[in-house]
Amino acid sequence: MQRFRGRAADALRPLKITRRFQRGPAGSVLIEMGRTRVICAASVEDRVPFFLRGSGTGWVKAEYALLPSATSTRTQREACQGRQSGRTQEIQRLIGRSLRSVMDLSALGERTISIDCDVIEADGGTRTASITGAFVALVEACASFYERGKVFPVTDFLAAVSVGIAQDGEPLLDLCYEEDSQALVDMNVVMTGSYDFVELQGTGEGRPFARRELDTLLALAEKGVDELISRQKDVLGGELVWKVGRIG
């Protein structure tokens, strides 16, 4: 399959992560994966949900929004409709689950970190880009209150990427919207820096897929996540990379 700009089947789209994109939040980035662009912001509050009060344990939650002008056809703001769509709820729960999987919530103390992921331009892979960018914002936010000698709340690196099988049967990494909309198989993979899976979301859109195809897709995803985490480390720099997984 000939991909946009001759990109190889196992290649990521051009990736750029800009730290400190906003001044207000404790952590914020603009992540750009091809034409998909997402603002990820992490805000810290010295309070927790009622079910954690007095526990000494913190919480991480996420909210996701697709801006009306993010696609070629304007979508109505969900606030105007008075409710979130099922898709929005599913994606923000995925982001929250993924981030909590690499958090020591007891090391967070009774704090809540709220992650806001706002898609300003969508061309496929918005949920995976949100997770990858939100992780960087999360590390920044935790560094804002971390005290040297204590446990850093973030225990491992985390990234997500899409993989799929094209109409011609070729496995692809990091699908744009055009590729995703025509794919026979579509999958989102969330992994840690230790190569453990956090979540697999795979569907045979056009046909069932074999175990050998699944193995190929997971190998592609592992390659993509490895490259994404490498870029996260470059963006964070040595001081923040050193903190991740730090105990004392």
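Residues numbered from 1 in each chain as written. Predicted model: local features only at pLDDT ≥ 70, side-chain atom pairs only at ≥ 80, totals over all residues. Heavy atoms only, no water.

If you check an unreviewed UniProt entry, the protein appears there as Ribonuclease PH from Selenomonas sputigena. The heading Catalytic activity (unreviewed entry) in the UniProt record of the protein holds the text "tRNA(n+1) + phosphate = tRNA(n) + a ribonucleoside 5'-diphosphate". Under the UniProt heading Subunit (unreviewed entry), the note attached to the protein is "Homohexameric ring arranged as a trimer of dimers." (UniProt positions renumbered as here; feature names shortened; annotations may be inferred.)

Asks: Give me the lowdown on helix 2 (residues 86-100), citing residues and values where you can.
Replies: Taking 1.5 Å of rise per residue, 15 residues should cover 21 Å, and helix 2 covers 21 Å from first to last C-alpha, within 8% of that figure. Taken together, the buried positions of helix 2 are Thr88, Ile91, Gln92, Leu94, Ile95, Gly96, Ser98 and Leu99. (Helix = DSSP H or I, 4+ residues; strand = E, 2+ residues; numbered from the N terminus. Expected span 1.5 Å × (residues − 1). Buried < 20%, exposed > 50% of the residue type's maximum accessible area, 1.4 Å probe, protein only.)

Asks: So what's going on with helix 6 (residues 211-243)? Residues and values would help.
Replies: Since the α-helix advances by 3.6 residues per turn, residues separated by three or four positions end up pointing in the same direction. Here helix 6 contains 33 residues, and its C-alpha end-to-end distance of 38 Å is more than 12% below the 48 Å for a straight helix at 1.5 Å per residue. In helix 6, a bend of some 115 degrees at Gly237 exceeds every other bend along the element. (Bend = angle between axes of the 7 residues up to and from the residue.)

Asks: Account for the pairing of strand 3 (residues 36-45), naming residues and giving values.
Replies: Note: strand 2 (residues 27-33) against strand 3, seven bridges, orientation antiparallel. Bridge pairing links Ile31 to Val38 in strand 3. Hairpin connection from strand 2 to strand 3: two residues lie between these consecutive antiparallel strands, with Gly34 at a positive phi of about 65 degrees. For strand 3 and strand 5 (residues 112-121), the ladder comprises nine bridges, and the chain directions are antiparallel. Residue Ser43 lies in a different strand from strand 5, and its bridge partner there is Ser114. (Pairing = 2+ DSSP bridges.)

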